[in-house]
Amino acid sequence: MINHQLIVVGGGLAGLRAAVEARADGIDVAVLSQVWPGRSHSGAAQGGINAALANDPEGHDDTPEKHAFDTVKGSDYLADQDAAIQMTSDAPGVIFEMEHWGCPFSRYDDGRIAQRPFGGAGYPRTCYGADKTGHYLLHTLVERAYQRGITMYTEQFVTRLIVHDGRCIGVVAYDMTKGGFEAFCGEAVIMATGGAGRTYSNTTNAIISTGGGMAMAYQAGVLLKDMEFIQFHPTGLLTTNILMTEGARGEGGYLINDLGERFMSKYAAKAMELAPRDITSRSIQTEINEGRGIGGKGYVYLDLRHLGAEKIMERLPGIRDLAIHFEGVDPIEEPVPIVPSQHYTMGGIDTDVNGATQLPGFYAAGECACVSVHGANRLGGNSLLETIVFGRRSGAAAARYIQGEPGGGAQAAAAPSAAAVQEMAVAVDRLASGAGSEDSYAIRAEMTTTMKEHFGIFRDAPTMRTGLDTMLALKERSRHMTLRNKFGVFNLDMMRTLELEGMIDVALATATGALARTESRGSHSRTDYPARDDVNWLKHTLAHYQPEGPRLDSKPVTLGTFEPQERKY
Ligand SMILES: Cc1cc2nc3c(=O)[nH]c(=O)nc-3n(C[C@H](O)[C@H](O)[C@H](O)COP(=O)(O)OP(=O)(O)OC[C@H]3O[C@@H](n4cnc5c(N)ncnc54)[C@H](O)[C@@H]3O)c2cc1C
């Protein structure tokens, strides 16, 4: 058993920002990550991070309150308004802090941080570093974390929480470099494991974005909130779903159909290509469904040619590289074929504005959490902001909790942590006993295509019911999976099999929530219930884990400042 006061699971932006904050409060912090932190999915973020700095000449009267309004309107009024206001008020401060810690933001000639327009925003509010914003932010925090003496345990694959006497006191991890399971115990745990994009076959997310932290929390009895809200980004590359940032449209890129039309004029006459993502993705899908995809096929074009070589090379160099290497298309010369692709998990572990959950000692931050600031549809640039704002707040809250209960968790940890490690060994033995007949790779492939085809951009009851039945059957089949190999280091077969059990549970929460919510709101668009229904559905869904499938209930949305209205762009 390894002991630290605070165990942070996840070395992305949320986990590292939490760790740095708790360390500054004098806490002994360990970060566990399945990859070296600098390789977390946060590093793939391209377009930017929002804050009402009012640096752009056209945005000089921007304020945190206007940012909060855009966020709440973008969320289709499902975001908790106190949380959105908290995030947008904290935003300028955390950006300046990242700047002071060395993040190389792009700048205007006068030296101030540059800001580009993004979807659903009333002002150019998105701070960026070319099209590598996530990479710059992440490396700034990786440096800071090492410099501040935070202990890093990399290539540790966390599999479950340790809960004792109603408190979370640690986690169990498979040590990929040495083999075997180990308990990491502390007085509090912060989960910061990112999104669950890999539950879909058509995602922009990294291979490790499998929703593991959500699954572990859920299986330990913590609630998942609003899981039916899945964001489809308008512009993934046709053949790989690799992301072409919204910044490409922020810099002036067009969306074009087979007739050569900028078709967004039909759907969002004012905002055009910079409508929010839910609306833009539905518009693209409608063009495709009605036969106006390129050559009548299932894609449209992102056209950047009119921006010119110089602007593309300066502002979007990474986008150009990705298009050349993964689609064989140079955006300076040709339009880029794109399709809407799964991109972001709006729902997640139910937390308050300090990252606290209903389980004492257990906190969550970043994409695995649902505070909620994104509601039914996240605005581009608000997720990087969420990781840093709520990473920082949860680190501070966990430190306060630990300081209030000195020694509590760790002293009691020996027996329950040994039992938890033993349970993992037994679970692996059972999988490897050869009694099962099911291949986990086949189950995973069927699950991800079911989620894509039955819980996609447009949804209806018959399609979702068939999808849910398939998912429940896959859950049953997953009880009979077999491991090819239970020993050794870097046992990917074991990791992928263990992780699949959690992915199915998380996907089932999405599927059940989507079928239950009989309205259209933000990203959840039902052809059989096309209108938003504030009378019955202005509320968050909550999923309770049960072995046979989720049980749902709900809780109210925090309203207050902004009256729900029809969204027009
Ligand atoms: C391609 C792409 C581009 C994006 N661009 C933008 C953008 O421009 N602006 C914006 O606001 N948002 C953007 N987003 C969204 C945003 O980047 C993410 O929501 C955010 O970075 C998530 O950060 P995180 O810290 O929550 O998790 P991540 O960065 O995903 O980190 C998760 C961490 O958890 C660890 N982990 C996971 N499971 C386990 C386990 N079982 N055991 C141990 N460790 C584990 C991983 O090793 C990793 O360190 C983008 C997302 C993608 C996919």
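Before reading further, recall that the structure is shown in the block above.
This report concerns the structure included in the present document. (Residues numbered from 1 in each chain as written. Predicted model: local features only at pLDDT ≥ 70, side-chain atom pairs only at ≥ 80, totals over all residues. Heavy atoms only, no water.)

This paragraph deals with the overall build of the chain. A tally of regular secondary structure across the chain gives 16 helices and 23 strands. The C-alpha radius of gyration of the chain comes to 23 Å, within 12% of the 25 Å expected for a compact globule of 569 residues. Every one of the 569 residues in the chain was classed for burial, and the buried ones make up 61%. Restricting to contacts in the chain with at least 6 residues of sequence separation, those with at least 24 account for 73%. Approximately 20000 Å² of the chain is accessible, and the part contributed by carbon and sulfur atoms is 51%. Taking the average location of the 53 positive side-chain charges in the chain and that of its 68 negative ones, the two points are 0 Å from each other. (Helix = DSSP H or I, 4+ residues; strand = E, 2+ residues; numbered from the N terminus. Rg over C-alpha atoms; globule rule 2.2 N^0.38 Å. Buried < 20%, exposed > 50% of the residue type's maximum accessible area, 1.4 Å probe, protein only. Contact = heavy atoms within 4.5 Å. Areas by Shrake-Rupley, 256 points an atom, 1.4 Å probe, with all protein chains shown as cover. Lys, Arg positive; Asp, Glu negative; His and termini not counted. Charge placed at Lys NZ, Arg CZ, Asp CG, Glu CD.)

Bringing the sheet that holds strand 5 (residues 115–116) into the picture now. The 3 strands are arranged 4-6-5 in an open sheet whose pairing can be described as antiparallel. For this open sheet the edge positions go to strand 4 (49–50) and strand 5, each flanked by a neighbour on one side alone. Examined bridge by bridge, strand 4 and strand 6 (residues 126–127) share 2 bridges and lie antiparallel to one another. Following the sheet pairing, Ile49 is matched in strand 6 by Cys127. (Pairing = 2+ DSSP bridges.)

Of all the 10 residues making up strand 16 (residues 336–345), 10 are buried; the element is thus mostly covered by neighbouring parts of the structure. The pairing of strand 15 (residues 300–303) with strand 16 spans 3 bridges and is antiparallel. Pairing of Tyr301 across the sheet is with Pro337, part of strand 16.

Around the ligand, the structure places 37 residues, and the nearest of them are Ser40, His41, Ser42, Glu367 and Ser383. In this structure, Gln34 approaches the ligand through a main-chain N or O atom, which is 3.0 Å from a nitrogen atom. Taking Gly381, its main chain carries an N or O atom lying 3.4 Å from an oxygen atom of the ligand. Where the shell around the ligand is concerned, the elements lending two or more residues are helix 1 (13–24), strand 8 (156–164), strand 16 and helix 10 (382–404). Among the elements that line the shell around the ligand, the one with the most residues is helix 10, at 4 residues. Looking at side-chain class alone, the shell around the ligand contains 13 nonpolar, 22 polar and 2 charged residues. (Near = heavy atom within 4 Å. Polar contact = N/O pair within 3.5 Å; in protein donor to acceptor, adjacent residues only side chain to side chain. Nonpolar A, V, L, I, M, F, W, Y, C, P; charged D, E, K, R; others polar.)

Okay, the side chain of Gln231 next. Inspection of the secondary structure assignment puts Gln231 in strand 13 (residues 230–237). With a relative accessible area of 1%, Gln231 lands in the buried category. A distance of 2.8 Å separates the side chain of Gln231 from the backbone oxygen of Arg378, its partner in a polar contact. Here Gln231 is in contact with Arg277, Ser341, Gln342, His343, Tyr344, Met346, Asn377 and Arg378, once residues within four sequence places are set aside.

So, about the sheet that holds strand 23 (residues 551–556). A sheet is described by the order of its strands in space; here 5 strands give the open sequence 19-17-12-22-23, paired in mixed fashion. Sheet topology places strand 19 (369–370) and strand 23 at the edges, where each strand pairs with a single neighbour. Pairing of strand 12 (residues 224–225) with strand 17 (residues 348–350), which is carried by 2 bridges, proceeds in the antiparallel orientation. By the bridge assignment for strand 17, Leu224 is matched with Ile349. Sheet strands in contact with helix 5 (residues 212–219) are strand 12, strand 17 and strand 22 (539–544), and its direction is about 40° off that of strand 17. (Axes fitted to C-alpha atoms, helices over the stretch in contact; angles between N-to-C directions.)

Assignment of secondary structure puts Arg125 in the loop between strand 5 and strand 6. Spatially, the C-alpha atoms of Arg125 and His4 are 39 Å apart, while their sequence positions differ by 121 residues. Leave out the neighbours within four places in its chain, and Arg125 touches Ile49, Asn50, Ala51, Ala52, Asp62, Lys66, His67, Asp70, Gln115 and Arg116.

Moving on, we come to the pairing of strand 10 (residues 181–185). The element strand 10 is extensively covered by neighbouring structure, given that 4 of its 5 residues are classed as buried. Across 2 bridges, strand 1 (residues 2–3) lies against strand 10 in parallel orientation. Bridge pairing in strand 10 places Asn3 opposite Cys185. Of the pairings in the sheet, the one linking strand 9 (residues 167–175) to strand 10 comprises 5 bridges and is antiparallel in character. When the bridges of strand 10 are listed, Val171 appears paired with Phe184.

Attention now moves to the pattern of salt bridges. All told, the structure shown has 47 salt bridges when counted by the stated rule. The partner of Arg277 in a salt bridge is Glu246, and the shortest N-O contact between them spans 2.6 Å. Of the two residues, Arg277 is situated in helix 7 (residues 277–289) and Glu246 in the loop between strand 13 and helix 6 (247–250); the sequence distance between them amounts to 31 residues. Two residues, Asp534 and Arg521, come together in a salt bridge whose shortest N-O distance is 2.8 Å. On the criterion of sequence distance, the pair formed by Asp534 in helix 16 (residues 534–537) and Arg521 in the loop between helix 15 (492–516) and strand 21 (525–526) is long-range, its members being 13 residues apart. Residue Arg521 is classed as buried on the basis of its relative accessible area of 0%. Three or more residues are tied together by salt bridges with common partners; here these are Asp76, Asp226, Glu228, Asp278, Arg282, Arg517, Glu519, Arg521, Arg532, Asp534 and Arg567. (Salt bridge = Lys/Arg side-chain N within 4 Å of Asp/Glu carboxyl O.)

Time to look at the packing of helix 13 (residues 440–454) against helix 15. Orientation of helix 13 relative to helix 15, taken along the N-to-C sense of each, is 30°, at an axis distance of 10 Å. One finds that helix 13 runs roughly parallel with respect to helix 15. Where helix 13 crosses over helix 15, the two elements pack in a sense that is left-handed. Here helix 13 contributes Ser440, Tyr441, Ile443, Arg444, Met447 and Met451 to the contact with helix 15, which in turn contributes Leu492, Asp493, Arg496, Thr497, Glu499, Leu500, Met503, Ile504, Ala507 and Thr510. Of the residues belonging to the contact of helix 13 with helix 15, the class tally is 9 nonpolar, 3 polar and 4 charged. (Parallel < 35°, antiparallel > 145°, perpendicular 65-115°, else oblique. Left-handed = near helix turned anticlockwise from the far one by under 90°.)

To continue, consider helix 7. For helix 7, spanning 13 residues, the distance from its first C-alpha to its last is 18 Å, which sits close to the expected 18 Å at 1.5 Å a residue. Across the 13 residues of helix 7, 11 count as buried, placing the element largely inside the fold. Of the positions making up helix 7, those classed as buried are Arg277, Asp278, Ile279, Thr280, Ser281, Arg282, Ser283, Ile284, Thr286, Glu287 and Ile288. Gly291 lies just past helix 7 and shows a positive phi near 90°. (Expected span 1.5 Å × (residues − 1).)

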